[in-house]
Amino acid sequence: MPELPEVEVVRRGLVSWVRGRTITSVDVLDPRSLRRHALGPEDFAGNLEGARVLDVVRRGKFLWMPLADTPAPSGSSVPSGSSVPSAAPSPAVALMAHLGMSGQLLMQDPGVPDEKHLKVRLRLSPAEGMPEQLRFVDQRIFGGLFLTSLIPTDDGGPGGLAETPLPLIAEEASHIARDPLDPYFSFEGFYRRLRARKTGLKRALLDQGLVSGIGNIYADEALWKARLHYARPTDTLRRADALRVLDAAREVMTDALAAGGTSFDSLYVNVNGASGYFDRSLNAYGREGLECKRCAAAGRVSRLLREQFMNRSSYTCPVCQPRPRNGRW
Ligand SMILES: [Zn+2]
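Each chain carries its own residue numbering, running from 1 in the direction its sequence is written. This being a predicted model, a pLDDT of at least 70 is required before a residue's local features are given, and a value of 80 or more before pairs of side-chain atoms are given or counted; all residues contribute to the totals for chains, interfaces and linings. Computation of side-chain values: all heavy atoms of the structure, hydrogens and water removed.

Draft legend 1. Geometry of the sheet that holds strand β7 (residues 118-124). DSSP calls a pair of strands paired once it identifies at least 2 bridges connecting them. Strands are runs of DSSP state E lasting at least 2 residues, helices are runs of H or I lasting at least 4, and numbering of each runs from the N terminus. Taken in spatial order, the four strands line up as β1-β7-β8-β6 in an open sheet, and their pairing is antiparallel. Edge strands, defined here as strands with exactly one partner in the open sheet, are β1 (23-28) and β6 (103-108). Strand after strand, the sheet turns through a mean of 15 degrees between neighbouring axes, direction not considered. Bridge count between β1 and β7: five bridges; the pairing is antiparallel. Paired with Val 28 across the two strands is Val 120, which belongs to β7. The sheet strands contacting helix α1 (residues 4-18) are β6, β7 and β8 (133-138), and the helix crosses β6 at an angle near 30 degrees. Here an axis means a line fitted to C-alpha atoms, over the contact stretch when the element is a helix, while the angle between two N-to-C directions is reported on a 0 to 180 degree scale. Contacts between residues were defined by any pair of non-hydrogen atoms, one from each residue, lying within 4.5 Å.

Set out below in structure tokens:
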């Protein structure tokens, strides 16, 4: 499953290929990938054909493309009055891409044979030296594409990371908090809401309403780096600890981003079709029974534990991330 750095890699790749181009035609090869678009494939294609892609925006793992020049016919899922004259500065509609477990967005030339799990093909207006097709490929069909409305953000800040940030957010993403890579992320707001919850720290880090984009892998890495146990109660967490774990999450995600994303799923490839690669070593995740690197550097021997957590696993060092007596799970 792609984590935030992979989705950001996709966003950066995609925006350089699609920004400013018009969608000239749409082929829906498998309607199951449009099941989140309630009005079906014809409505989906009818709204996209002729639309211009303005940008690619990301908040957490949500990715969307604001569109200009959408027809928005009556009865469409897109609200009335959302037809955007070319002169209007604010788009009202966006194409949402939900990558799910195995969704891929590939730029391809028309001569490239269809991928085995090709679901949707968008043809784009010609652009010098750029592939003509944007393909959505998805083996497990948990992902999909759909159209959504853009609504004003709660705080008046940009909807997410973008080339030309607008104070608009895709409706489906409006319930999630900003992610740690977002320059508008507010630590004060995060800490206040964290203290108000009676839960464990890792559960809070995975709560998209509190902070978005931190998945299981990065939560374990951030907790290890901050020397905090996943069951630390949030209502008594000190400010310095909260700051340390947030900074740690930002650091591990920034490192992964610099390495082109950290993919653990061989199905995942980035927007250019090249496999996402992973060449940095993790410190906690997947290291059950292996020595803690920090303890080893201090001349101690401590082996990482794997424990069941929310139907997944948590990896911790029993020495430098001691279990709290009053832990919450
Ligand atoms: Zn350790």
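Draft legend 2. Highlighting the coordination of the zinc ion. For Na, K and Ca the donor cutoff is 3.2 Å, while for all other metals N, O and S atoms count as donors only within 2.8 Å; water does not appear among the atoms, so some sites may look incomplete. Coordination of the zinc ion by the protein is provided by Cys 292 (SG), Cys 295 (SG), Cys 317 (SG) and Cys 320 (SG), with metal-donor distances spanning 2.2 to 2.3 Å. Coordination at the zinc ion is tetrahedral, judged from the four donor atoms that bind it and the angles of 101 to 122 degrees they form at the metal. For the zinc ion, the single-chain donor residues occur in sequence as C-x2-C-x21-C-x2-C. Residue Cys 295 is located in helix α7 (residues 293-297), and its partner Cys 317 is located in the segment after β12 (312-316); the two are separated by 22 residues in the primary sequence. Geometry assignment treats four donors as tetrahedral when all angles are between 85 and 135 degrees, treats four as square planar and six as octahedral when opposite donors are over 155 degrees apart and all others between 65 and 115, and treats everything else as irregular.

Draft legend 3. How the structure looks around empty space enclosed by the protein. Every definition here rests on a 1 Å grid over the protein atoms only: cavities are sets of points where a 1.4 Å probe fits but cannot get out, pockets are open sets enclosed by protein on both sides within 12 Å along at least five of seven lines, and lining residues have some atom within 4 Å of a point. Grid points are joined across faces, edges and corners, and a volume is the space filled by probe spheres set on the points. This structure, assessed with the given rule, holds two cavities of 30 Å³ or more. Taken as a whole, the largest cavity encloses approximately 80 Å³ of empty space. What lines the largest cavity is simply Asp 55, Val 57, Trp 64, Pro 66, Leu 150, Gly 159, Gly 160, Ala 162, Thr 164, Pro 165, Leu 166 and Leu 168. Computed from the structure, the second largest cavity encloses a volume of approximately 40 Å³. Taken together, Met 65, Leu 95, Leu 105, Val 120, Leu 122, Leu 134, Arg 135, Phe 136 and Leu 145 form the lining of the second largest cavity. Those elements giving two or more residues to the lining of the second largest cavity turn out to be β7 and β8. In terms of residue count, β8 provides more of the lining of the second largest cavity than any other element does, three residues in total. Classification used: nonpolar for Ala, Val, Leu, Ile, Met, Phe, Trp, Tyr, Cys and Pro, charged for Asp, Glu, Lys and Arg, polar for all others including Gly. The class makeup of the residues in the lining of the second largest cavity is eight nonpolar, no polar and one charged.

Draft legend 4. Region of interest: α1. To estimate how far a helix should extend, the number of its residues minus one is multiplied by 1.5 Å. With 15 residues, α1 should reach 21 Å at 1.5 Å per residue; the first-to-last C-alpha distance of 21 Å fits that figure. Only protein chains enter the area calculation, which uses a 1.4 Å probe; residues under 20% of their type maximum are buried, those over 50% are exposed, and those in between are partly exposed. For α1, the buried fraction is high: 12 of the 15 residues fall into the buried class. Turning to α1, its buried residues number three or more, namely Leu 4, Pro 5, Glu 6, Val 7, Glu 8, Val 9, Val 10, Arg 11, Gly 13, Leu 14, Val 15 and Val 18. Looking one or two places after α1, you find Gly 20, whose phi comes out positive at around 85 degrees.

Interpretation in functional terms is not warranted from these geometric data alone.
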